[in-house]
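Here is how the chains run, residue by residue.
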Amino acid sequence: MNRLLAAGLCGLAAAFSAAAGDSTYQNDGFVIVPPAIAPNIDAKTFVNDGWFVINLTNYIPELPPQVTPQPYEMKGTYNYTNAYGAWMAFNSGLRAETWVKDGQARGVSANFHNEGTIDVGTISTSNTLGTRFLRIGLDRVALSGSAAGTKLIVRATNIYSPGEINLGFEGMATLYGQNVNLDHGGVNMEQAGYSEVNSSLFFNGGIFDGYWGLSTNAIGPMGAGGINPDAYFGARPPLTPPHAVTNRMYETLVRTLGDTNFVSYLVDELDASGSNRTVRAVFLANTNAEIQANVYFPQGATVVEWTNTAFQADNLYLYDRFGFDTNFLLLVNGFSGVRPTYIPWNYDLFTFPGGFFSYGVPADPTIIPPSTFNTRNTTNQYSAYQALFRPNSVVLPDTFGQTYSNSPGRIEIVGSNLLSLAETRVKSLNFLKLAAYNHFQGSPGAAIVSPYSDIYLRTTNGELAISNLLQPTLARPEGTIDLYSARWTNVTGTITNAYHVLFVDTRLAPEAPTRIGNLTLRSTNVSGGGGHIYISDVLNILSNNPTFESSKLTITTNEPETSPRSGAINFLDSAIVWSEVTPRLEYFTNAGWFVSPNAVYFRGSRHSPYYSGNYNERYRAMVNLGGITNFSSRIYAEYFENSGNISATQGAIELHEAACADLDNGSLLAPGASGSITLEAGTLLVSNTVLNAGAALNLAVTNLVDDGTFASGSADNVTNRNDWLTGNGFNLKVPGVNGSLLGTTIENRALPNKVISIQWAGRNLGTNSAGFIGNVALGHAVLDGAVGSKYQFKPVNGNNAIYIDRLDLRGHIATNVNPQGNWLSLDCDAGMKVYFGQATADGADISRKLAEVNQGKFQWVRDYNTGFFSSTNLVYPDGTTNRLNTALVTDCTIDSDGDGIPNCMDPSPVPILSSAGIAMMVGVTQTPKPAAVISWYTFPASTNYLYAAPSFDSPNWTPVTNFFYPGPYPGRVTVSDEIKTNAPRFYRVRVGLR
């Protein structure tokens, strides 16, 4: 029952006597047009509690419309209500604003309230079309869809829609309000239908004509007089002859398909008469493991079926009838601007639910046997086609001035004061605009997807969470499928041979990323400052001018069961300048992904209108727990932490102005030719970190650098050691810095004829083990030089050294030695020395040899016995385990304890600083005077004390002498003490190291 009720009055007579502008129109039953006549509603309030279906018959969707269909509209209406369970449907669209009379602008209505279902131009209205038929063998299958162009226009102060809004293919919906609440609601657009192009209707499933062509034979001399089929199709790898095609820009191209990744399928059949042979071959390439391709050879067509194994989706089918139909023509299949695009008659390519067709068991791949194809030149016909798959229903370059934001099939949802999208479902065909210019209340649990979007969001409570706002991908394929078909016949004896060859080059992704054009995210507190933006979604950003206005920005890691697993900012435009689009950023945390094709400066670029002047300022903190990939990174941060991965595809990675940098369990990768890594900090703590610099590695640390060995006292106590790789040297730039890298391996691989400069600012303490303590000594240095390369060590301030636990020479540098024994690929500038605990060349020890050549610029610290890479544990005959220098105890030319046994054969080769190791002995001599002769082993840089007493247990021991032993190696020293009485005399020795 339909009622026109006066506001605030009772009775039927009062209702009809009330002014229409003050009345209510309420539908309790059903209005279905046709057969009913569409009501002309002039009421302040519209309420639908039943069915309200308007199918205007002056709009005939089966024919191309001559004018844009006008949406159904009410007059003088301020309040629109579609109640829970109610249904409204409009084949030409709906305009829900306030319209008073012709000639006056429409105004904003007061309220739009939808708890039911609203269908606008959908397949459920009279807009259903089914005009395209696919020929499958002898069957014909119709594809149904809705016609394009209908609109839903809602402008109201308050929009509340927890119900469903369904839009037809390539329709448009605008929901503009001050307060827009779509919590638990849905706004969905049909994904396939009929596009009206140049007064023609074409079924549109996101598959477009990339190029097309058909002709006879091949191009060029090899096609003259026909082609040799066996030379092309029987070859390994198989190839198509060069063939001419026309692309959708009307350019002529020459294409060739085929490669080693093409898999062959074959049916070779002879009919019952024995006089007719049919050969069908398919050469199929498929580059995506998430798409399974099957080949079938039913009667009437060769069929390829693609199944999306990544998620549930319709199958893709190709029917090629070139071997059965004799037609040889192109069919208009769409338009590129005003120009038609074509598909060869023999191809049908479409999506359909899997399981609908049955072709039996798919063909197995097989190797084409020799002589399958004839070897004599043959005249052949070919057709060629490229299917262009796009996630949207238009190819944007086709029409001048068309962009994603003005294309058909778009949804715009704008709340000028408030926007709430909790548990909201939105699916747009081509474009989605989301805007909350004052306050975005969030989108928890939402499922929103669109190929292209513009997003403008602001919050006033200090925290803006981008979570469930936009799904990262949509289930539409993207890419290309290139096709080539050839057919020919020949006669061999009494047998007529008919051949059909199909090449299919599949370069298809099963899903497409969602892309954002314009993006503005603003988070401020009530006073207008501060703010924190959390990115939990994957944002693929096209625009070169997005805005992230907040003092804090965090890309998050999401819960394990959620998708996506982490947030991401992915810039697709190389013109984006990160510091410019984050004008207030002070704290940046990345626990997800950050990707940019160009260089990124991580710092604040302060400028108007956010600051009174223009200047650059370092972040207060930057923490990377996830992945950062770009051309190069330059980081300015007071505090920097990395336990994720930072990758520069070609350029450098630089850290500047850091008071403290903590690199732990992560990596910095800059493997390009110019990929230097520079770490500039007051304190650098680095553990279990991989550094890969295609160029130089530079450490510019002013206070402390430590890989854990300085704090723990030994590399033995560090389980998370570092592995670093460089292509052009490694440098410690600042003199006087404290610390240790004794748990770190640095490998430098020099290119042929490359001079590698290594500049190191360590203190020169000579051949003294003290040089390895607090002097940024390096654990393991691998110098791997190609032919013609050279390593040149340089000082920083004129008197420097580098202490290396193990110096490891590899490649050409290890064997480039002249007759005098000098390593020609190693050198030091004046004021620079290299000290090592052990040196090896291709694994063989050269410690003693290297120390004796190269003008003494490389020196062996043979008493350094605490290095992780240069020391060994040796069990002495007395049962003690002693830590010793590996090169020293394995040398067969040195006898450290003077017992006549070379170290390499001596079970106790080196005197040990212990009571047993000192091996104190006392003898007596009579010349020139009677004297006690006391001797013992002492150690380099040691102070020795000799004491005497009348008894072993005497409380008082008298000093006899003391002296400093400066020798570079352990050795036995002797002291004579004149005998003056016959009383007993006992001796004691104390040896102390500096």
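This write-up is about the structure you can find in this document.

Conventions and cut-offs
- Residues numbered from 1 in each chain as written.
- Predicted model: local features only at pLDDT ≥ 70, side-chain atom pairs only at ≥ 80, totals over all residues.
- Heavy atoms only, no water.
- Helix = DSSP H or I, 4+ residues; strand = E, 2+ residues; numbered from the N terminus.
- Buried < 20%, exposed > 50% of the residue type's maximum accessible area, 1.4 Å probe, protein only.
- Pairing = 2+ DSSP bridges.
- Axes fitted to C-alpha atoms, helices over the stretch in contact; angles between N-to-C directions.
- Phe/Tyr/Trp six-rings, centres within 6.5 Å; stacked < 30°, edge-to-face > 60°.
- Lys NZ or Arg CZ within 6 Å of the ring centre and 35° of its normal.
- Core = buried A, V, L, I, M, F, W, Y, C linked by side-chain atoms within 4.5 Å.
- Contact = heavy atoms within 4.5 Å.
- Salt bridge = Lys/Arg side-chain N within 4 Å of Asp/Glu carboxyl O.
- Polar contact = N/O pair within 3.5 Å; in protein donor to acceptor, adjacent residues only side chain to side chain.

### Some remarks on unusual backbone geometry
Note that the residue after P34, namely P35, is joined by a cis bond; omega there is 15°. Locating P35 in the fold gives a position in the loop between β3 (30-33) and β4 (45-48). A cis geometry characterises the amide bond from R236 onward to P237, with omega recorded as 0°. Turning to its location among the elements, P237 is positioned in the loop between α2 (229-233) and β21 (243-247). In this structure, S371 is a non-glycine residue whose phi angle is positive, near 70°. Mapped onto the elements of the fold, S371 is located in the loop between β30 (347-352) and β31 (381-389). Under the relative-accessibility criterion, S371 is labelled exposed at 62%. A positive phi angle, near 60°, is found at N468, a position not held by glycine. Mapped onto the secondary structure, N468 falls in the loop between β38 (463-466) and β39 (473-474).

### Quick look at the sheet that holds strand β71 (residues 826-828)
With parallel pairing, the three strands of this open sheet are ordered in space as β66-β69-β71. Each of the sheet's edge strands pairs with one partner strand only, and the pair in question is β66 (755-759) and β71. This sheet shows a mean twist of 20° between the axes of neighbouring strands, independent of strand direction.

### What to know about the packing of aromatic side chains
What the rule picks out here adds up to 52 aromatic pairs. Ring geometry for Y232 against F233: centres 6.4 Å apart, planes inclined by 45°, an arrangement best described as tilted. You'll find Y232 and F233 in the same group, each marked buried. Relative to F357, the ring of F350 has its centre 6.2 Å away and its plane inclined at 85°; by these criteria the two rings are edge-to-face. Summarising the burial analysis for this pair, F350 and F357 share the class buried. Pairwise contacts between aromatic rings join Y232, F233, F262, F283, F373, Y382, Y484, W488, Y499 and F503 into one cluster. Taking the ring centre of Y587 as reference, the NZ or CZ of K552 above it sits at 5.4 Å. The ring of F868 has R721 sitting right over it, with the charged end atom 3.7 Å from the ring centre.

### Quick notes on the nonpolar core
Residues L521, W578, F793 and L807 are the most contacted members of the largest nonpolar core, which totals 139 residues. Other than its neighbours up to four places away in sequence, L521 contacts I455, L457, L464, I466, I533, I535, L539, T547, F548 and E549. Y265, V267, V304 and Y385 belong to the second-largest nonpolar core, a separate cluster that totals 25 residues.

### As for the pattern of salt bridges
For the structure on display, the rule yields 25 salt bridges. Here R106 makes a salt bridge to E73, at a shortest N to O gap of 2.5 Å. With a gap of 33 residues between them, R106 in the loop between β9 (93-96) and β10 (109-114) and E73 in strand β6 (residues 72-73) connect regions that are remote in the sequence. What makes E73 buried here is its relative accessible area of 17%. Put simply, D808 and R810 hold a salt bridge, and the shortest N to O gap is 2.9 Å. For D808, a relative accessible area of 2% gives the class buried. Overall, R810 belongs to the partly exposed group, its relative accessible area being 31%. Through salt bridges with shared partners, a single network forms among R95, E97 and R155.

### Points about the environment of I413
Following the sequence through the fold, I413 ends up in strand β32 (residues 410-420). Leave out the neighbours within four places in its chain, and I413 touches L175, V180, L182, L419, V426, L432, K433, L434 and A435.

### Things to note about the sheet that holds strand β36 (residues 447-449)
Each strand in a sheet pairs with its neighbour through backbone hydrogen bonds, running either in the same direction (parallel) or in the opposite one (antiparallel). Taking strand neighbours across the sheet as the criterion, the eight strands line up as β3-β5-β8-β11-β15-β17-β33-β36 in an open arrangement whose pairing is parallel. Sheet topology places β3 and β36 at the edges, where each strand pairs with a single neighbour. On average, each strand axis in the sheet is tilted by 10° relative to the strand beside it, whichever way the strands run. Inspection of the sheet shows strand β8 (residues 87-90) paired to strand β11 (residues 117-120) by four bridges, in the parallel sense. Its bridge partner being in β11, F90 is matched across the sheet by V120.

### Observations regarding the pairing of strand β28 (residues 330-336)
Across six bridges, the pairing between β28 and strand β29 (residues 339-344) is antiparallel. Along β29, the bridge assignment pairs L331 with I343. The hairpin formed by β28 and β29 contains two residues between the paired strands, and G337 there has a positive phi angle of roughly 70°.

### Re the side chain of N816
Inspection of the secondary structure assignment puts N816 in the loop between α5 (812-815) and β71. Among the polar contacts made by the side chain of N816, one reaches the side chain of S825 at a distance of 2.9 Å. Sequence-distant contacts of N816, that is, excluding residues within four places in its chain, are made with N822, W823, L824 and S825.

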